[in-house]
Amino acid sequence: MKLVYVFDAYCGWSHGFTATLREVTSRRPDLSVEVVSGGLFTGPRRVPIREFGYVQGANAKIAELTGAEFGSAYEGLIADGSFVMDSEAAARGVAAVRQVAPDRAAELAAALQHAFYVDGLSLSEAATYRTVAQTAGLDADAVVAAFEAPEAQTAARADFRRAARLGVTGFPTLLAVDGDSVTPLAHGHATADEVAERLAAR
């Protein structure tokens with residue numbers, strides 16, 4: 001059995017789920033975690049962030065429920081309103097860090113969300129992945145090369161298809177997968193204790 005974490009790096013609720021996922025994985029080091037990117041902001045949804053009028057209200061609720069931090073640099077992006085969240089670019093970045101450090105995929109997914117939601121860095125820019133890689137002690141040149149390679153786009157689109165095949169319609173979603181058996185453990189918000197109870201009951 002393994003855990004499959006389907007998230008979007010530009011999803012505030014996924015950012016809020018970071019602490020729960022960290023706690024779940026620390027309690028169950030025996031379970032590997034597959035990280036799959038969803039496609040929240042693709043196609044016609046790739047528009048300036050000002051088009052999503054609910055963002056600030058949602059972030060306040062996420063912070064209240066989960067304790068997640070939203071940094072001043074990110075708040076500056078919201079205030080300006082022109083930033084475009086591109087989930088395909090973010091998924092390419094997730095694929096890049098996953099390729100370089102597959103056993104740290106969940107940790108690095110959280111690091112990418114921290115880069116955006118706290119540091120206000122674009123997940124469409126190679127420089128962001130260089131910064132995240134250096135902070136994580138990874139080969140920054142290898143991560144940037146992987147992000148810029150054509151294979152990253154292929155991997156991103158494969159992730160979107162995998163999320164759809166798993167029946168995921170919202171992010172974050174945490175699943176327990178054992179062969180053909182798929183058990184939902186969390187959708188949106190859940191505590192580590194709630195996830196543990198669902199794992200035990202499966």
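Residues numbered from 1 in each chain as written. Predicted model: local features only at pLDDT ≥ 70, side-chain atom pairs only at ≥ 80, totals over all residues. Heavy atoms only, no water.

(A) A look at the overall build of the protein chain. Broken down by element type, the protein chain carries nine helices and four strands. The linear arrangement of helices and strands in the protein chain, starting from the amino end, is β-α-β-α-α-α-α-α-α-α-β-β-α. Whereas a compact globule of 202 residues would reach a radius of gyration of roughly 17 Å, the protein chain reaches 16 Å, a difference of no more than 12%. Expressed as lengths along the three principal axes of its C-alpha atoms, the size of the protein chain is roughly 45 × 35 × 30 Å. The 202 residues of the protein chain split such that 50% are buried. For the protein chain, the proportion of contacts with a sequence separation of at least 24, taken over those separated by at least 6, is 74%. (Helix = DSSP H or I, 4+ residues; strand = E, 2+ residues; numbered from the N terminus. Rg over C-alpha atoms; globule rule 2.2 N^0.38 Å. Buried < 20%, exposed > 50% of the residue type's maximum accessible area, 1.4 Å probe, protein only. Contact = heavy atoms within 4.5 Å.)

(B) Summary view of the sheet that holds strand β4 (residues 181–187). Read across the open sheet, the four strands follow the order β2-β1-β3-β4; overall the sheet is mixed. For this open sheet the edge positions go to β2 (33–37) and β4, each flanked by a neighbour on one side alone. For this sheet the average axis-to-axis angle between neighbouring strands, irrespective of direction, equals 25°. Alignment of strand β3 (residues 173–178) against β4, held across six bridges, turns out to be antiparallel. The residue of β4 that forms the bridge with Thr173 is His187. Helix α4 (residues 87–100) contacts β1 (2–7) and β2 of the sheet and is inclined by roughly 155° relative to β2. (Pairing = 2+ DSSP bridges. Axes fitted to C-alpha atoms, helices over the stretch in contact; angles between N-to-C directions.)

(C) Molecular detail of the side chain of Thr20. Inspection of the secondary structure assignment puts Thr20 in helix α1 (residues 12–27). Excluding residues within four positions of it along the chain, Thr20 makes contact with Ala190, Thr191, Ala192 and Val195.

(D) View of unusual backbone geometry. For the bond running from Phe171 to Pro172, omega is -5°, close enough to zero to count as cis. Along the chain, the position of Pro172 falls in the loop between α8 (150–165) and β3.

(E) Focus on α8. Under the 1.5 Å per step criterion, the end-to-end length of α8 is 23 Å for 16 residues, consistent within 8% with the ideal 22 Å. Structurally, α8 contributes buried residues whose contacts are with β1, β2, α4 and α7 (140–148). Phi turns positive, to about 80°, at Gly167, one or two residues after α8. (Expected span 1.5 Å × (residues − 1).)

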